[in-house]
Amino acid sequence: MRIHAIRPSLALGALALLVAALPASAANLLPHLEERGQATQLMVDGRPYLMLAGEATNTAASDPTFMERVWPRLARMHLNTVLVGLGWDWIEPTPGHFDFSLVDDALAGARKNHLHVVFLWFGSWKNGLSSFAPAWVKADEARYPRVRIKGGKAIEVLSTFSDANRDADARAYGALMRHLKEVDGSQHTVIMMQMENEVGVLGDSRDRSPAADAAFAGDVPAALMNYLEQHQDRLEPALVKLWQGAGEKSSGTWQQVFGSTPATDEIFMAWHYARYMNHVAAAGKAEYPLPVYTNTWIVQPGDNGPGDFPSGGPEPLVLDVWKAGAPSINLNAPDIYLPDFATWCARFHRYNNPLFVPESRGNPGDAYFVFGHHDGIGYSPFAIDVAGRFARPRPGGGAPVPTKPEDLPLPRAYAVLGRLAPVILQHQTTGTIDAVLLDKQHPTDHVKLGGYILNVGLRTNRRMPSLGASSGYGLFIAMGPDQFLVSGSDIQVTFTPNTPGPAIAGLARVEKGTYIDGRWKTERRMNGDDVLLDYKLAQAAAENQSGSGLRFGPGAPTIQRVWLYRYD
Ligand code: DGJ
């Protein structure tokens, strides 16, 4: 998806300033986000990088013996990056005394297996709750206050309305980043940091502690009002609707500016989470400026309002509030377990927010879609360390479950994406790449690329239609005039010219192959049954089609390159 007129975001700008403070060569080599042509890419050791990632279960890294067995398996699964949770209580068991041994164990395991790491900072919050805060924080409620909900009860969630909470978190996170700079500053095993995990208030639409009530009765901060006014033409429409519905005021209390609904509570909480986490992220960047992102527990079907889902987390409604409040956070990422994967990607990929999906189910097509349709920087399923997690047999039986981790569906797709990565990254910058996800509800799609319309459908079976595919995916790259690279599974593709000239596109040459060290290697010349879609040539000609196209079978994705010619 092309998103035009990219304006540097505040978050990217803030990182640029920090990077500018380092000597030129060190700054270029430090992992960072960079706007390159039409895409924002993650740069690692001076080169653009696609995160073919997986997230370990929450506490896996607290068990180095277990991880010792897991690291080599993840490498065999063709991951290049592992997302690893780090609990605050693991590194600061007593106030001001840090123990980074679990961090060092994770770095050693990753390095030994040639993997990069993204650490997930389970500091003040993990899935809304403050369960990973050290016991000395949890037990001292007077000093480290909690959220209070309707009725006055406290819940096990640290309040954002406390400088003591914020500063304690920032000190620990700052110490972690200082340590990472010391032990990894020249190696860049760690390429990005996740700030907290799925934050927001659960059980009520906002914090109702005395400090929160006082802030809620006060005015919306001028910094937020100014941001909204300056970005009016690009704000989330649902946010604009609330603002306009309340009379589009340029100042006033939260309810005067956004109205008296629970959505206002969510906006209010979003601002306060953003400010708090910006402070923590900035403290870390002052030590070692790695890129930082947040992850969102997105609204689930059946949720009635904020508080059912974490209120104030970076949901689409409040992404602008987060951008205004947290310039030190580079991007806000969605955790997508819901079936409408494409919809959620589109809601998070915005002009100032490149797409990274840190948690998902691990469908190979979803990874393709993130990189091809959204110029994404990374894709990651959850619970990658659980052996067999991605080995469920297809519904209704089918092929036997693979026993080797590298033979599972996502690893096989990652193997192909790994080989394609340099080509994908290059074409993300020029807007000459796209991707589709197909299923029975959405069985066809049309991609406008390189002077053609690519008609993509689910793979059919000429003799036995019931054996056609029920889901499929493909990634398309315009390699040059009349030339495409397609990679995917369970799809077929025909081409319709989209520039003046002869109306039908024929296949001049089709090759199946792979990339080795960035160079195309032909494995097979495709023709005959490989490309024949239909013998009804009169009907095909009437539709300006040749009757032939690219076909991709079930299972692991393959790569084909096609050279087209045109005739009338
Ligand atoms: C989302 C959280 O971010 C993860 O840490 C984990 O708890 C999963 N949910 C469990 O499904």
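The model shown is predicted, which means the values in this text are computed figures rather than measured ones. (Residues numbered from 1 in each chain as written. Predicted model: local features only at pLDDT ≥ 70, side-chain atom pairs only at ≥ 80, totals over all residues. Heavy atoms only, no water.)

Caption draft 1: Looking closely at the overall build of the chain. In terms of helices and strands, the chain carries 17 helices and 24 strands. The C-alpha atoms of the chain give a radius of gyration of 25 Å, which matches the 24 Å a tight globule of 568 residues would have. Taken along its principal axes, the extent of the C-alpha atoms in the chain is 80 × 60 × 50 Å. Buried residues in the chain amount to 56% of all 568 residues. For the chain, the computed accessible surface area is about 22700 Å², with 52% contributed by carbon and sulfur atoms. If the 52 positive side-chain charges of the chain are averaged to one point and the 57 negative ones to another, these points end up 6 Å apart. (Helix = DSSP H or I, 4+ residues; strand = E, 2+ residues; numbered from the N terminus. Rg over C-alpha atoms; globule rule 2.2 N^0.38 Å. Buried < 20%, exposed > 50% of the residue type's maximum accessible area, 1.4 Å probe, protein only. Areas by Shrake-Rupley, 256 points an atom, 1.4 Å probe, with all protein chains shown as cover. Lys, Arg positive; Asp, Glu negative; His and termini not counted. Charge placed at Lys NZ, Arg CZ, Asp CG, Glu CD.)

Caption draft 2: Main features of the sheet that holds strand S3 (residues 47-49). The three strands are arranged S1-S2-S3 in an open sheet whose pairing can be described as antiparallel. Every other strand in the sheet has two partners, leaving strand S1 (32-36) and S3 as the edge strands with one partner each. The sheet shows a mean angle of 55° between the axes of neighbouring strands, direction not considered. Here strand S2 (residues 39-44) pairs with S3 via three bridges, running antiparallel. What sits directly across from Val 44, in S3, is Arg 47. The sheet contacts of helix H16 (residues 409-430) involve S1, S2 and S3, and relative to S2 the element is tilted by about 145°. (Pairing = 2+ DSSP bridges. Axes fitted to C-alpha atoms, helices over the stretch in contact; angles between N-to-C directions. Contact = heavy atoms within 4.5 Å.)

Caption draft 3: Molecular detail of the pattern of salt bridges. This structure, assessed with the given rule, holds 16 salt bridges. Residue Glu 141 pairs with Arg 148 through a salt bridge whose shortest N-O separation is 3.0 Å. Judged by relative accessible area, Glu 141 falls into the partly exposed class, the value being 33%. Among the salt bridges present, the one from Arg 350 reaches Asp 320, with a minimum N-O distance of 2.7 Å. Highlighted residues: Arg 350 in the loop between helix H14 (341-348) and strand S12 (356-357) and Asp 320 in helix H13 (residues 319-325), separated in sequence by 30 residues. There is no split in this pair, since Arg 350 and Asp 320 are both buried. Shared partners join several salt bridges into a network, and the residues in it are Lys 150, Asp 204, Arg 206, Arg 208, Asp 213 and Asp 265. (Salt bridge = Lys/Arg side-chain N within 4 Å of Asp/Glu carboxyl O.)

Caption draft 4: Structural context of the site of the ligand. The environment of the ligand is formed by Asn 58, Lys 126, Asn 127, Asn 197, Glu 198, Asn 295, Asp 335, Tyr 337, Glu 359 and Phe 382. Here an oxygen atom of the ligand sits 3.3 Å away from a polar atom, N or O, in the side chain of Glu 198. Coverage of the ligand by the protein chains reaches 73% of its 300 Å² of free accessible surface. Residue composition of the shell around the ligand, grouped by class: two nonpolar, four polar and four charged. (Near = heavy atom within 4 Å. Polar contact = N/O pair within 3.5 Å; in protein donor to acceptor, adjacent residues only side chain to side chain. Nonpolar A, V, L, I, M, F, W, Y, C, P; charged D, E, K, R; others polar.)

Caption draft 5: View of the packing of aromatic side chains. Counting across every chain of the model gives 21 aromatic pairs. Considering the side-chain rings of Trp 136 and Tyr 144, the 6.0 Å spacing of their centres and the 70° angle between planes classify their relative orientation as edge-to-face. Between Trp 254 and Phe 268, the ring centres sit 5.3 Å apart and the planes meet at 80°, which makes this aromatic pair edge-to-face. Of this pair, Trp 254 sits in helix H11 (residues 254-258) while Phe 268 sits in helix H12 (residues 262-287), and the two are 14 residues apart along the sequence. (Phe/Tyr/Trp six-rings, centres within 6.5 Å; stacked < 30°, edge-to-face > 60°.)

Caption draft 6: Main features of a negative patch on the surface. A cluster of acidic side chains, namely Glu 68, Asp 99, Asp 104 and Asp 105, defines a negative patch on the protein surface. By the secondary structure assignment, Glu 68 is in helix H3 (residues 64-76). Under the relative-accessibility criterion, Glu 68 is labelled exposed at 61%. (Patch = residues over 30% accessible without salt bridge, like charges linked within 9 Å, V, L, I, M, F, W, Y side chains within 5 Å.)

Caption draft 7: The nonpolar core, seen in detail. Counting residues in each nonpolar core, the largest one holds 145 residues, and the members touching the most others are Met 51, Phe 119, Leu 176, Leu 180, Met 193 and Trp 322. It is H12 that provides the largest number of residues to this core, a total of twelve residues. For Met 51, the residues in contact, after removing those within four places along its chain, are Leu 42, Asn 80, Thr 81, Val 118, Ile 191, Met 192, Phe 356, Phe 371, Ile 377, Gly 378 and Tyr 379. Membership of the second largest hydrophobic core comes to 24 residues, among which are Tyr 452, Val 456, Val 493 and Leu 564. (Core = buried A, V, L, I, M, F, W, Y, C linked by side-chain atoms within 4.5 Å.)

Caption draft 8: Looking closely at the pairing of strand S21 (residues 504-516). Looking at chain direction, S21 and strand S24 (residues 558-567) are connected through nine bridges and run antiparallel. Bridge pairing links Arg 509 to Trp 563 in S24. Note that S21 and strand S22 (residues 519-525) share six bridges and pair antiparallel. Bridging from a neighbouring strand, Gly 513 pairs with Thr 522 of S22.

Caption draft 9: Structural context of the sheet that holds strand S16 (residues 444-449). An order of S16-S17-S20-S23 is seen for the four strands of this open sheet, with the pairing classed as antiparallel. Single-partner strands in this sheet number two, and they are S16 and strand S23 (550-551). Bridge analysis of strand S20 (residues 491-497) against S23 gives two bridges, and the strand direction is antiparallel. Residue Val 493 lies in a different strand from S23, and its bridge partner there is Leu 550.

Caption draft 10: View of the packing of helix H15 (residues 364-373) against H16. Contact pair H15 / H16: the axes reach a minimum separation of 10 Å and the direction vectors enclose 10°. If you check the angle between H15 and H16, you find them roughly parallel. Facing Pro 364, Ala 367, Tyr 368 and Phe 371 of H15, the residues of H16 in contact are Pro 409, Leu 410, Ala 413, Tyr 414, Val 416, Leu 417, Ile 424 and Gln 428. Along the lines of polarity and charge, the residues of the contact of H15 with H16 split into eleven nonpolar, one polar and no charged. (Parallel < 35°, antiparallel > 145°, perpendicular 65-115°, else oblique.)

Caption draft 11: Molecular detail of the packing of H14 against H15. Where H14 meets H15, the axes come as close as 11 Å, and the angle between the chain directions of the two elements is 30°. Taken together, the axes of H14 and H15 are roughly parallel relative to one another. By crossing handedness, the relation of H14 to H15 is classed as right-handed. Touching Phe 341, Ala 342 and Cys 345 of H14 are Asp 366, Phe 369 and Val 370, all from H15. Of the residues in the contact of H14 with H15, the class split is five nonpolar, no polar and one charged. (Left-handed = near helix turned anticlockwise from the far one by under 90°.)

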